[in-house]
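# Close look at the chain arrangement
Next come the chains, spelled out residue by residue.
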Amino acid sequence: MLHTNIIANMNDVNVLPLQVKNLQITKNGNALLKDVTLSIESNNVTVILGPNGAGKSLLLRSAHGLEDLSKGSLMWNTNIPQPQQSWRAYIFQKPVLLRRSVRANLEYVLSLHSINKANYASLIDAALEHTGLSQLADRNARVLSGGEQQRLNIARAWVLQPRVILLDEPTAELDPNGTAGIERLIKTIAQQGTKIIMSTHDLGQAHRLANDIVFLHQGRLVEHSSADTFFQQPQTKMAQDFIAGKLLNGD
Amino acid sequence: MFVLNDFSQAFSKAIQLIFQLDPALLEIIGLSLRVSMTAVLIASLIGLPLGAALALYKFHGRGIIVALLNAFMGLPPVVVGLVVYLILSRSGPLGVLGLLFTPTAMIIAQVCLITPIIAALTRQTILDANVEYHEQLRALGAKASRMMKTLLWETRFSLMTGVFAGFGRAIAEVGAVLIVGGNINHATRVMTTAIALETRKGDIELALALGIILITISLIVTSLVMSAKHAAYQYHS
Amino acid sequence: MEIKKTMYRMSATIFLLLITTSIVNADEKSFITLSSTTSTDNSGLLDYLIPKFKNKTGVDVRVIAVGTGRALLLGERGDADIVLVHHKISEEKFVENGFGIGRRDVMYNDYVIVGPRKDPANIKQLKHAVDAFKLISQHEVPFISRGDNSGTHKKELELWSLAEVNAQKYSGAWYREAGAGMGATLNIANGMNAYTMTDRGTWLSFKNRDDLTLLFENDPPLFNQYGVILVNPERHEHIKYQHAKQFSDWLTSNEGQQAIADFTLENQQLFFPNAQREIASH
């Protein structure tokens with residue numbers, strides 16, 4: 001619909017499956033993620049779910065190369081030559097926006113990845129329309145509301161038409177209105193064929209968005225199944241307890 | 001000797017001089033501004049990237065350079081003047097350039113004085129900004145050199161404070177420019193050296209008047225900066 | 001937003017204009033660099049003489065006014081083309097060491113002794129400067145010395161020596177070494193109600209007197225001979241020898257000497273021309 005696909009049809013590029021093998025991340029002597037092995041294959045919304053401290057952020061950050069692994073490996077299936085990252089974008093929980101207009105923030109991202117300047121305008125306009133920010137294009141990014149800033153964060157990712165978008169608890173700091181807006185956006189983006197991997201501790205959100213659940217607890221992978229399976233027939237007691245709203249104990 | 005009387009006399013003399021648009025005075029003010037502004041520009045061109053590099057890049061000896069930088073911030077201007085004189089003197093290593101007793105020599109001395117200030121303040125500003133921005137910029141795909149440019153631009157209003165601190169120091173110092181400039185009439189006489197001269201000659205009134213003008217210029221520059229920063233903060237929050 | 005942009009552009013342009021004029025302001029006019037003493041400069045004599053010379057020859061004279069010691073050092077280092085100071089012994093040594101050539105007498109002025117109006121050391125009625133110095137030390141009244149190795153300072157030390165007083169022994173007591181120029185020293189003398197020796201020129205133009213008064217003058221030991229020396233071009237290639245010689249010649253010519261005599265401060269003649277008429281040796 002709104003994909004202009006000027007830079008190439010990213011959807012034709014396949015970077016899946018994401019293979020994680022025996023991944024471990026240790027910091028200060030503590031194994032924050034241990035022995036995680038999984039394979040993310042399908043091109044839909046994968047939600048990394050779990051209570052706080054489960055290691056969701058760490059796993060997500062690893063997928064974007066933001067963490068050094070102590071053991072094991074994490075690999076995308078891709079031969080895309082450098083510069084690599086424009087096919088993959090990362091959304092932080094709290095965005096750090098540049099002190100300039102909304103439009104200028106998007107121009108900045110484009111300039112990082114040697115996009116042809118002639119294409120800037122159409123790419124940016126598309127991203128703005130997509131995220132409902134067209135009216136705010138010339139407003140300074142820092143004076144936007146929390147929800148608007150997060151939408152800009154997503155627009156910033158989307159403007160490069162990435163193959164994969166990773167989101168770390170994207171609505172944790174937002175009110176219900178803002179949250180609803182972001183969730184709508186995520187659904188739309190997923191529908192257009194972009195792979196979404198996001199983390200959340202919010203059961204309801206997982207319910208609403210996930211096709212695929214990766215359930216973590218205290219640094220370990222507890223369950224990985226389709227959303228239907230997870231919610232209707234959870235395989236582990238821990239998952240059952242979590243779904244029932246109970247607090248989980250340590251191992 | 002009533003101090004109040006001196007000041008009011010000096011003040012009226014200052015007003016007189018300004019309104020007469022005394023050409024000698026204008027020449028001195030003009031030279032002061034040109035020398036110090038040029039010095040600030042050059043010092044910024046050196047100090048801003050230097051400070052940013054010290055904040056962002058790790059390398060052997062970085063700690064030593066930072067320590068030296070902080071030490072040089074407090075260099076006594078007279079010492080700087082003496083060293084620059086020895087270098088630019090005809091008997092010195094760069095004597096062939098014939099720069100001694102010219103405005104260029106004064107600019108060089110002032111650059112030596114204010115580059116450490118600008119570099120040190122830039123380093124601190126960029127260091128703090130890096131904490132805020134680093135991971136986000138990295139996640140967006142920015143490489144180190146691009147990050148430096150981005151941070152410098154993002155913090156430009158804070159950096160301006162450092163630049164104007166440098167300007168303030170430059171335009172107010174007398175020791176260095178006196179030695180390397182020689183306070184030559186119509187050639188290297190600036191406000192501070194003129195004040196020193198008139199004080200030496202015992203013309204306290206004129207010296208005070210020049211001093212008042214110097215302070216006023218400083219105040220004007222400072223308030224310009226502050227209003228720019230204020231406007232920036234309102235817009236950029 | 002637009003207003004700000006224009007403001008930024010305007011200030012940037014002004015800024016750049018200022019800077020470019022500063023760079024472009026390189027010296028195309030011909031000039032020589034004269035190192036002289038602060039007292040000479042302060043008297044206003046040079047501001048009077050130089051335009052006359054410049055009109056005649058088209059050569060400007062840029063004056064660096066420092067202490068005698070420093071003025072000679074500038075000549076030694078080649079940072080000045082010509083030196084005009086008033087301490088014959090140092091000047092002759094300068095020539096002896098090969099730094100200068102063609103030293104000539106130009107003029108003399110004189111020193112006077114100033115002090116508090118009440119004159120506690122009672123020097124007013126004396127005939128000889130040496131006696132004045134003796135009395136000042138006997139009464140142990142405060143005396144401010146230049147203490148800066150200048151011509152004035154050296155003259156003062158000569159007089160102490162003639163008075164057979166080791167003034168520096170009392171440094172910090174009644175004898176205070178300022179390490180400063182003549183104006184600053186007079187300021188201190190004023191502030192401390194002290195005596196000091198000053199050249200007449202600086203005294204006449206010194207405005208911050210309060211209680212300070214001229215108490216003693218006109219004894220030959222207080223006369224102060226000026227010499228002009230050309231910096232040796234064989235020591236430093238770039239020395240503007242020809243133009244410097246022009247100035248030295250002019251100072252000692254009839255025209256220059258007359259100009260020196262014509263110069264007055266507060267209606268008094270300050271400098272008395274006494275150049276010899278022989279051609280300078282090279």
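Calculation criteria
Residues numbered from 1 in each chain as written. Chains lettered and ligands numbered in written order. Predicted model: local features only at pLDDT ≥ 70, side-chain atom pairs only at ≥ 80, totals over all residues. Helix = DSSP H or I, 4+ residues; strand = E, 2+ residues; numbered from the N terminus. Buried ≥ 20, exposed ≤ 12 C-beta atoms within 10 Å, placed from the backbone. Contact = placed C-beta atoms within 7 Å. Nonpolar A, V, L, I, M, F, W, Y, C, P; charged D, E, K, R; others polar. Domains from an automatic or database assignment. Pairing = 2+ DSSP bridges. Axes fitted to C-alpha atoms, helices over the stretch in contact; angles between N-to-C directions. Expected span 1.5 Å × (residues − 1). Arc of directions from axis to C-beta. Parallel < 35°, antiparallel > 145°, perpendicular 65-115°, else oblique. Left-handed = near helix turned anticlockwise from the far one by under 90°.

### Structural notes on the overall build of chain B
Tallying secondary structure elements over chain B gives 10 helices and 0 strands in all. A principal-axis box enclosing the C-alpha atoms of chain B has dimensions of 65 × 50 × 30 Å. For chain B, with 237 residues in total, the buried portion stands at 45%. Taking as baseline every contact in chain B between residues at least 6 positions apart, the subset at least 24 positions apart corresponds to 78%.

### A word on the overall build of chain C
Each helix and strand in chain C was counted, giving 11 helices and 12 strands. Buried residues in chain C amount to 46% of all 282 residues. Intrachain contacts of chain C at a sequence separation of at least 6 include 76% that bridge at least 24 residues.

### Examining the interface of chain B and chain C
Contacts between the two partners involve 24 residues from chain B and, on the opposite side, 27 residues from chain C. Elements with a contribution of two residues or more to the side of chain B that touches chain C: α2 (23-56) and α9 (191-201) of chain B. Looking at the side of chain B that touches chain C, the element that brings in the most residues is α2(B), giving 6 residues. Class assignment for the residues of the side of chain B that touches chain C results in 11 nonpolar, 8 polar and 5 charged.

### Here's the deal with the domain arrangement of chain C
Reports often express the size of an interface as the amount of accessible area lost when the parts come together. Residue and element names in this part refer to chain C. Each domain of chain C was delimited in the assignment, giving domain 1 (31-108 + 225-273) and domain 2 (110-222). Computed over C-alpha atoms, the centres of domain 1 and domain 2 are 26 Å apart. Taken together, the contacts link 16 residues of domain 1 with 15 residues of domain 2. Broken down by secondary-structure element, the contributors of at least two residues to the side of domain 1 that touches domain 2 are α2 (38-43) and α4 (68-76). When residues in the side of domain 1 that touches domain 2 are grouped by element, the largest group, 4 residues, is from α2. Per-class residue counts for the side of domain 1 that touches domain 2 are 3 nonpolar, 12 polar and 1 charged.

### A closer look at the interface of chain A and chain B
With 16 residues of chain A in contact, the opposing surface of chain B contributes 13 residues. A breakdown of the residues in the side of chain A that touches chain B according to their chemical character gives 9 nonpolar, 5 polar and 2 charged.

### Some details on the environment of Ala39(B)
Residue and element names in this part refer to chain B. Relative to the assigned elements, Ala39 resides in helix α2. Residue classification places Ala39 among the buried positions, given that 28 C-beta atoms sit within 10 Å. C-alpha separation for the pair Ala39 and Thr104, spaced 65 residues apart in sequence, amounts to 9.3 Å. If we ignore the near neighbours within four places in the chain, the residues touching Ala39 are Ile107, Gln110, Val111, Ile114 and Ala170.

### Here we look at the sheet that holds strand β1 (residues 18-27) of chain A
Residue and element names in this part refer to chain A. Taken together, the 3 strands give an open sheet; going across it, the order is β2-β1-β4, and neighbouring strands pair in antiparallel fashion. The open sheet has two edge strands, β2 (30-40) and β4 (71-75), and neither has a second partner. Neighbour to neighbour, the strand axes of the sheet diverge by 20° on average, direction disregarded. Contacting β1, β2 and β4, helix α1 (residues 56-63) runs over the sheet at an angle of about 60° to β2.

### A short note on helix α3 (residues 45-57) of chain C
All names here are of chain C. Taking 1.5 Å as the rise per residue, α3 with 13 residues should run 18 Å; its terminal C-alpha atoms sit 18 Å apart, in good agreement. Considered for burial, the residues of α3 that qualify are Leu45, Leu46, Leu49 and Phe53. Viewed end-on, α3 has its buried residues packed into an arc of 75°, placing them on one side of the element. Exposed residues lying more than 90 degrees from the buried face of α3 are Asp47, Pro51 and Asn55. Turning to α3, the residues buried within the fold contact β1 (31-37), α2, β2 (60-66), α10 (241-251) and α11 (254-262). Gly58 sits one or two positions beyond α3 and adopts a positive phi of about 80°.

### Regarding the arrangement of the chains
The protein chains that touch form 2 pairs of chains, and the pair with the most contacts between them is chains B and C. Looking at chain A next to chain C, you find no contact at all, with the nearest C-alpha pair sitting 11 Å apart.

### A closer look at the sheet that holds strand β6 (residues 164-168) of chain A
Residues and elements named next belong to chain A. Reading across the sheet, the 6 strands line up as β5-β6-β7-β3-β8-β9 and stay open at both edges, with mixed pairing between neighbours. The open sheet has two free edges, formed respectively by β5 (88-91) and β9 (220-226), since each of these has just one partner strand. Pairs of neighbouring strands in the sheet enclose a mean axial angle of 15°, with direction left out of account. Strand direction decides the pairing type here: strand β3 (residues 45-49) and strand β8 (residues 212-217), joined by 4 bridges, are parallel.

### Digging into the packing of helix α5 (residues 103-140) of chain B against helix α7 (residues 156-172) of chain B
Residue and element names in this part refer to chain B. Contact geometry for α5 and α7: axes closest at 9 Å, N-to-C directions at 160°. In terms of their interaxial angle, α5 and α7 are classed as roughly antiparallel. The two elements α5 and α7 cross, and the hand of that crossing is right-handed. Across from Gln110, Leu113, Ile114, Ile117, Ile118, Leu121, Thr122 and Thr125 in α5, the residues of α7 making contact are Ser158, Leu159, Gly162, Val163, Ala165, Gly166, Arg169 and Ala170. Considered class by class, the residues forming the contact of α5 with α7 number 9 nonpolar, 6 polar and 1 charged.

### Brief notes about the pairing of β3(A)
Residue and element names in this part refer to chain A. Of all 5 residues making up β3, 5 are buried, and the element is well covered by its neighbours. Neither face of β3 is exposed, since Val45, Val47 and Leu49 on one face and Thr46 and Ile48 on the opposite face are all buried. As defined by bridge partners, β3 adjoins strand β7 (residues 195-200) across 5 bridges and the pair is classed as parallel. Its bridge partner lying in β7, Thr46 is registered against Ile197.

### Regarding helix α8 (residues 182-192) of chain C
One turn of an α-helix holds 3.6 residues; hence residues three or four places apart share an orientation. With 8 of 11 residues buried, α8(C) is to be regarded as a mostly interior element. Buried residues of α8(C): Met182(C), Gly183(C), Ala184(C), Thr185(C), Leu186(C), Asn187(C), Ala189(C) and Asn190(C), and no others.

### Thoughts on the environment of Asp22(B)
Residue and element names in this part refer to chain B. Here Asp22 lies in the loop between α1 (3-20) and α2. Taking the C-beta count within 10 Å as the criterion, Asp22 has 13 such neighbours and is therefore assigned partly exposed. Each C-alpha atom, one on Asp22 and one on Ala71, is 41 Å from the other, the two residues being 49 residues apart in sequence.

### With respect to unusual backbone geometry
Residue Pro17(A) follows Leu16(A) across a cis peptide bond; omega there is 5°. With respect to the secondary-structure elements, Pro17(A) resides in the segment before β1. Not every positive phi belongs to a glycine, and Glu164(C) is a case in point at roughly 55°. Position of Glu164(C) relative to the elements: it lies in the loop between α7 (151-162) and β6 (175-177). We note that Asn193(C) has phi near 50°; this positive angle belongs to a residue other than glycine. Note on placement: Asn193(C) falls in the loop between α8 and β7 (195-199).

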